[in-house]
Structures are given as C-alpha cells and as structure tokens.
Amino acid sequence: MIVEHRTYTFRPGTVDGWLKKYETEGLPIQKRHLGRFIGLFVSEIGALHTTVLIWSYDGLADREARRAAMYADPEWQSFISGVWSLNAIQSQNVMIMNPATFSPGA
C-alpha cells in the first residue's frame, strides 16, 4: 500500500469556491476512478488557505493505471478546465508515502 498526499495552496478567498466545486463535481469522478479516498482536510491554524487530499493505492502501478483512466474521462477533463479557470490554486505538492512497518495497512 502507498498513500498519495496532495497539498494545495490557494489564493486567499478562493478555498470555499474550490471546495464546493470539488465536492459536487470533482470528487464523485475521482471516487469512480481512484477508489480509496482517505479524506480532504482544510487548514485552520498555521499555513492558511491550504488543503490536503489523501488517497490510498495498492502500489505505484495501481495509482498510475487509475489516474490514467481518470485523465481519459471527458468528465474529468471538463472539471479540470473549470478548476483552472477559477485561478484559485497557487501551488501544489504531491508526495507518495510508504507506511511504516507498524502502521495499519502496511
């Protein structure tokens, strides 16, 4: 198992609009393709205007196949075009993490 940890930093005042669009449009598409949604978290203290998305996969090949299928989906392409037009995301950081041997799911 691996975990994909995606951190997005937004322009001030744009997180709520992105969250609404993601919840109603993007997340349902991703759940169809990516499977194991661990969660989406919004910063409250510290680096504000930040969200973290976490997905779990069987391994890198599983992630690659699932994301390729998602990118081929016209609904996802439409959603992504709409997200970029929001001009909300300032930066993105993606980490692929392996569980420690004593971690659940390892």
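This is a predicted model, so every value here is computed, not measured.

Attention now goes to the nonpolar core. Counting residues in hydrophobic clusters, the biggest one holds 19 residues, and the most contacted among them are Phe10, Trp18, Tyr22, Trp55 and Phe79. Mapped onto this core, the elements with two or more residues apiece are β1 (2-10), α1 (15-34), β3 (50-57) and α3 (74-86). Element by element, the count of residues in this core is highest for α1, at six residues. Leaving out residues up to four positions away in the same chain, phenylalanine 79 has contacts with Lys21, Tyr22, Glu25, Gly26 and Ile29.

It is worth spelling out the UniProt feature "domain: NIPSNAP" (unreviewed entry) in the protein chain at this point. Residues given the UniProt feature "domain: NIPSNAP" (unreviewed entry) here are residues 4-104. Across residues 4-104, the secondary structure splits into 46% helix and 31% strand, with the terminal C-alpha atoms separated by 16 Å.

For an α-helix, 3.6 residues make a turn, and residues three or four places apart therefore share a direction. Taking 1.5 Å per residue as the helical rise, α3 with its 13 residues ought to reach 18 Å, and the 19 Å between its terminal C-alpha atoms agrees with that figure. Of the surrounding secondary structure, the elements contacted by the buried residues of α3 are α1, α2 (60-72) and β4 (89-97). Two or three places before glutamate 75, at the start of α3, stands the capping residue aspartate 73, its side-chain oxygen 2.7 Å from that residue's backbone nitrogen. Directly beyond the C-terminal end of α3, a positive phi value near 50 degrees is found at asparagine 87.

The next subject is a nonpolar patch on the surface. Together, Leu60, Val94 and Ile96 make up an exposed nonpolar region whose accessible area comes to about 240 Å². Relative to the helices and strands, valine 94 resides in strand β4. For valine 94, a relative accessible area of 33% corresponds to the partly exposed category.

Before going further, it helps to spend a moment on the packing of aromatic side chains. The geometry of two aromatic rings is summed up by the distance between their centres and the angle between their planes. Taken as a whole and assessed by the stated rule, the structure comprises seven aromatic pairs. A centroid spacing of 5.1 Å and a plane angle of 40 degrees characterise the contact between tryptophan 76 and phenylalanine 79, whose relative ring orientation is tilted. Here phenylalanine 79 and tryptophan 76 lie together in helix α3, a separation of three residues that amounts to about one turn. Here phenylalanine 79 falls in the buried class, since its relative accessible area comes to 4%. Pairwise contacts between aromatic rings join Tyr8, Phe10, Trp18, Tyr22, Trp76 and Phe79 into one cluster.

Cut-offs applied
Starting from 1, residues in each chain are numbered consecutively following that chain's sequence as written. Whole-chain, interface and lining totals are the exception, using all residues; otherwise, since this is a predicted model, local features are given only for residues with pLDDT of at least 70 and side-chain atom pairs are given and counted only at 80 or more. Only hydrogens and water are set aside; all other atoms, that is, all heavy atoms of the structure, feed into the side-chain values. Put simply, buried Ala, Val, Leu, Ile, Met, Phe, Trp, Tyr and Cys residues joined by side-chain atoms within 4.5 Å make one nonpolar core. For every residue, the accessible area (1.4 Å probe, protein chains only) is compared with the maximum for its type, and the residue is labelled buried under 20%, exposed over 50%, or partly exposed between those bounds. A helix here means a DSSP run of H or I that spans at least four residues, while a strand means a run of E at least two residues long, and both kinds are numbered starting from the N terminus. Whether two residues are in contact is decided by their heavy atoms, any of which lying within 4.5 Å being enough. UniProt positions are given in the numbering used here, feature names are shortened, and annotations may be inferred rather than shown by experiment. Helix span, as expected, comes to 1.5 Å for every residue beyond the first. In protein, a polar contact requires one atom able to donate a hydrogen and another able to accept it; more generally it is a pair of N or O atoms within 3.5 Å, and residues adjacent in sequence count only if both atoms are side-chain atoms. Exposure above 30% relative accessible area and the lack of any salt bridge qualify a residue for a patch; like charges then connect within 9 Å, and the nonpolar side chains Val, Leu, Ile, Met, Phe, Trp and Tyr within 5 Å. A 1.4 Å probe and the Shrake-Rupley method give the accessible areas. Residues count as covered only by the protein chains that appear here. Here a salt bridge means any side-chain nitrogen of Lys or Arg lying within 4 Å of a carboxyl oxygen belonging to Asp or Glu. Only Phe, Tyr and Trp rings are paired, with Trp represented by its six-membered ring, and only when their centres lie within 6.5 Å; those with planes under 30 degrees apart are stacked, over 60 edge-to-face, the remainder tilted.

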